[in-house]
Amino acid sequence: GLTEGGRMTSELVPAGLSGTGRRDGAPPTALSPVLPQVDKPCGLYVRAVKPMLDQALAVGVLAVAALPMAVVALVVAVTMGRPVLFRQRRIGIDGEPFDVLKFRTMREDRRGQRLDVIHDRRHTHKSAADPRHTTIGRFLRRYSLDELPQLINVLRGEMSLVGPRPELDSVVERYPSALHQRHYVKPGITGLWQVSARGTGPMHENGQWDLAYVGRVSLRTDLQILARTPRALVGDNAGR
């Protein structure tokens, strides 16, 4: 669980990691420490309660966020043109692909844009130095507003509110075998890595956070992660 100060307790933190997501002062990698073996969650909460909670909360958040989302959609349409939504194939539960939804943040001519940052989406994600993003796009990504349409993915049953972030199939193909265990559960809009080590290294190199969640998924854990998400979005690590 979480301590009162918001840091993960030893019950949930992967072995050798502190609340900052670092091991001996360096970002963790997929190979060090060794990824654990976890059982596939199959209890009542994962099978029945979590899906119902996802649906109910997604409907509630969409009702509250409908106006802000309409404003964002209008701004994106005016500044970047159509389409307003960006669809990208990602890998979900049990390795099944689906199209994740986001508000567009990149220029229409992004493929011809010269990059002065490492040309690897796992390293440039949310980078303020990535010239492919518009000014509005960088703002949306900094506060994860571009991910609000993923509430629709939740309503479709493709995602959960809490879980490992979905990755590209080209990235998943290079996973070490143990990391495929993150697909035991639905991918999430937020997760343990986001609230514990947001921005600390590429997502694929922080797999022990995802497996720590998969091995201990529960109502209490999900509620704690949801409660910590707003602070993670606006904290010092946001946008990195």
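Asker: Teacher, can you tell me more about the overall build of the protein here?
Answerer: Looking only at helices and strands, the protein has 8 helices and 5 strands in total. Starting at the N terminus and ending at the C terminus, the protein contains elements arranged as α-β-β-α-α-α-β-β-α-β-α-α-α. Burial status across the protein gives 48% buried among its 240 residues. Pairs at least 24 residues apart make up 68% of the contacts formed inside the protein by residues separated by at least 6 positions.

Asker: Would you take a moment to explain the environment of arginine 107 for this structure?
Answerer: When you line up the elements, arginine 107 lands in the loop between β2 (97-103) and α2 (121-124). For the pair arginine 107 and glycine 81, spaced 26 residues apart in sequence, the C-alpha to C-alpha distance is 9.4 Å.

Asker: I would appreciate a short explanation of the pairing of strand β1 (residues 85-91) in the present structure.
Answerer: On a regular strand, each side chain points to the face opposite its neighbour's, so the side chains alternate between the two faces of the sheet. As paired elements, β1 and β2 share 7 bridges and run antiparallel to each other. Within the sheet, the bridge partner assigned to phenylalanine 86 lies in β2 and is lysine 102. Once β1 ends, the chain turns through 5 residues before running back antiparallel as β2, passing aspartate 94 with a positive phi of about 60°. Relative to strand β4 (residues 167-168), β1 runs antiparallel, the two being bridged by 2 bridges. The residue bridging isoleucine 91 from the neighbouring strand is glutamate 167, located in β4.

Asker: What exactly am I supposed to notice about the sheet that holds β2 here?
Answerer: Strand-to-strand pairing in sheets goes through backbone hydrogen bonds, with the strands running parallel or antiparallel. An order of β2-β1-β4 is seen for the 3 strands of this open sheet, with the pairing classed as antiparallel. Because the sheet does not close on itself, it has two edges, and the strands there are β2 and β4.

Asker: Looking at this model, I keep getting lost on the pattern of salt bridges. Mind explaining?
Answerer: Two side chains of opposite charge can pair, provided their charged atoms sit close to one another. Across all of its chains, the model carries 6 salt bridges by this definition. In this structure, lysine 40 engages aspartate 94 in a salt bridge whose closest nitrogen and oxygen atoms are separated by 2.9 Å. Here lysine 40, found in the segment before α1 (44-80), pairs with aspartate 94, found in the loop between β1 and β2; they are 54 residues apart in sequence, far enough to count as distant. Where aspartate 99 meets arginine 89, a salt bridge forms, and the shortest distance between an N and an O atom there is 2.8 Å. Of this pair, aspartate 99 sits in strand β2 while arginine 89 is found in strand β1, placing the two residues 10 residues apart along the sequence. Using a relative accessible area of 30% as the deciding quantity, one classes aspartate 99 as partly exposed.

Criteria and thresholds
Residues numbered from 1 in each chain as written. Predicted model: local features only at pLDDT ≥ 70, side-chain atom pairs only at ≥ 80, totals over all residues. Heavy atoms only, no water. Helix = DSSP H or I, 4+ residues; strand = E, 2+ residues; numbered from the N terminus. Buried < 20%, exposed > 50% of the residue type's maximum accessible area, 1.4 Å probe, protein only. Contact = heavy atoms within 4.5 Å. Pairing = 2+ DSSP bridges. Salt bridge = Lys/Arg side-chain N within 4 Å of Asp/Glu carboxyl O.

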